[in-house]
Amino acid sequence: MGPEGDDGKSGFESGTATKVRPKTKRPSLYRVLLLNDDYTPQEFVVLVLQDVFNKSRDDAFQIMMHVHQKGVGECGVYPYEVAETKVTRVMDTARKNQHPLQCVMEKQ
Ligand code: TYC
C-alpha cells in the first residue's frame, strides 16, 4: 500500500460497501440563566443582555422583565466554553459596577 493508501474504513479492501463516516460529536449545550435580585438596575440588565448576549433592545427588555417577574430567565443556549465566557463577562461587569446580578449555566 502506497503512502496515500486505503485505511480500510471505506471497506474497499474487504469488499464491503461501508462509507467513510468521520466520527463527529455534537457538543453538549448549556442554558445561560440570569437570576433576579432587588438591587441591580433594570437598565443595567438590559445593557448586559444587549452587550453580552447580542439581544436587540426589545428582546433584552422582554428577557429582563421576565427575570424581574419570574425570578429566573434564559439568555441563550451555547456550547460549554461559549456559555462559560458569557457567564464570566456578566459576573465581571456586575462586580465592577457593584451590582449583585447573578448569572449561571446549566446543562440543557
Ligand atoms: N429586580 C431588579 C429591579 O427591580 C431588576 C432586575 C432584573 C435585576 C433582572 C436582576 O436579572 C435581573 N431593579
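We now turn to the structure provided with this report. (Residues numbered from 1 in each chain as written. Predicted model: local features only at pLDDT ≥ 70, side-chain atom pairs only at ≥ 80, totals over all residues. Heavy atoms only, no water.)

What to know about the site of the ligand
Phase 1 of the analysis: Inspection of the region around the ligand gives Leu-35, Asn-36, Asp-37, Thr-40, Gln-42, Val-45, Met-64, Val-67, His-68 and Leu-101 as its neighbouring residues.
Phase 2 of the analysis: Between Thr-40 and the ligand, the recorded distance is 2.9 Å, taken from a backbone N or O atom to a nitrogen atom.
Phase 3 of the analysis: Relative to its unbound accessible area of 350 Å², the ligand is 89% covered by the protein chains.
Phase 4 of the analysis: Residue assignment for the shell around the ligand shows that the elements contributing at least two residues are helix H1 (42-53) and helix H2 (57-70).
Phase 5 of the analysis: Ranked by residues supplied to the shell around the ligand, first place goes to H2 with 3 residues.
Phase 6 of the analysis: In the shell around the ligand, the residues fall into 5 nonpolar, 4 polar and 1 charged. (Near = heavy atom within 4 Å. Polar contact = N/O pair within 3.5 Å; in protein donor to acceptor, adjacent residues only side chain to side chain. Areas by Shrake-Rupley, 256 points an atom, 1.4 Å probe, with all protein chains shown as cover. Helix = DSSP H or I, 4+ residues; strand = E, 2+ residues; numbered from the N terminus. Nonpolar A, V, L, I, M, F, W, Y, C, P; charged D, E, K, R; others polar.)

Regarding the packing of aromatic side chains
Phase 1 of the analysis: Counting across every chain of the model gives 2 aromatic pairs.
Phase 2 of the analysis: Plain terms: the ring middles of Phe-53 and Tyr-78 are 6.4 Å apart, the flat faces sit at 35° to each other, and that makes the pair tilted. With Phe-53 in helix H1 and Tyr-78 in strand S2 (residues 72-79), this residue pair connects regions lying 25 residues apart in the sequence. The burial state of Phe-53 is the same as that of Tyr-78; both residues are buried.
Phase 3 of the analysis: The positively charged end of Lys-86 is found above the aromatic ring belonging to Tyr-78, 5.1 Å away from the centroid. (Phe/Tyr/Trp six-rings, centres within 6.5 Å; stacked < 30°, edge-to-face > 60°. Buried < 20%, exposed > 50% of the residue type's maximum accessible area, 1.4 Å probe, protein only. Lys NZ or Arg CZ within 6 Å of the ring centre and 35° of its normal.)

Quick word on the pattern of salt bridges
Phase 1 of the analysis: Enumeration over the complete set of coordinates arrives at 5 salt bridges.
Phase 2 of the analysis: In this structure, Arg-31 engages Glu-74 in a salt bridge whose closest nitrogen and oxygen atoms are separated by 2.6 Å. Of the two residues, Arg-31 is situated in strand S1 (residues 29-35) and Glu-74 in strand S2; the sequence distance between them amounts to 43 residues.
Phase 3 of the analysis: By relative accessible area, which is 34% here, Glu-74 ends up partly exposed.
Phase 4 of the analysis: When the shortest N-O distance is used, the salt bridge between Asp-92 and Arg-95 registers 3.0 Å. With Asp-92 and Arg-95 both in helix H3 (residues 80-96) and 3 residues apart, this pair spans about one turn of that helix.
Phase 5 of the analysis: For Asp-92, a relative accessible area of 29% corresponds to the partly exposed category.
Phase 6 of the analysis: Taking the relative accessible area as the measure of exposure, Arg-95 reaches 57% and is therefore exposed.
Phase 7 of the analysis: Each of the salt bridges in this network shares a partner with another, and the network as a whole consists of Arg-31, Glu-74 and Glu-106. (Salt bridge = Lys/Arg side-chain N within 4 Å of Asp/Glu carboxyl O.)

Concerning H1
For an α-helix, the turn length of 3.6 residues means that residues three or four places apart are oriented alike.
Phase 1 of the analysis: A rise of 1.5 Å per residue sets the reference length of H1, with its 12 residues, at 16 Å; its end C-alpha atoms lie 16 Å apart and thus fit the reference within 8%.
Phase 2 of the analysis: Of the positions making up H1, those classed as buried are Phe-44, Val-45, Val-46, Val-48, Leu-49, Val-52 and Phe-53.
Phase 3 of the analysis: Those residues of H1 that are buried are in contact with S1, H2, S2, H3 and strand S3 (102-107).
Phase 4 of the analysis: In the segment just after H1, Asn-54 is the residue with positive phi, at about 55°. (Expected span 1.5 Å × (residues − 1). Contact = heavy atoms within 4.5 Å.)

Any link to function would need more than the numbers given here.
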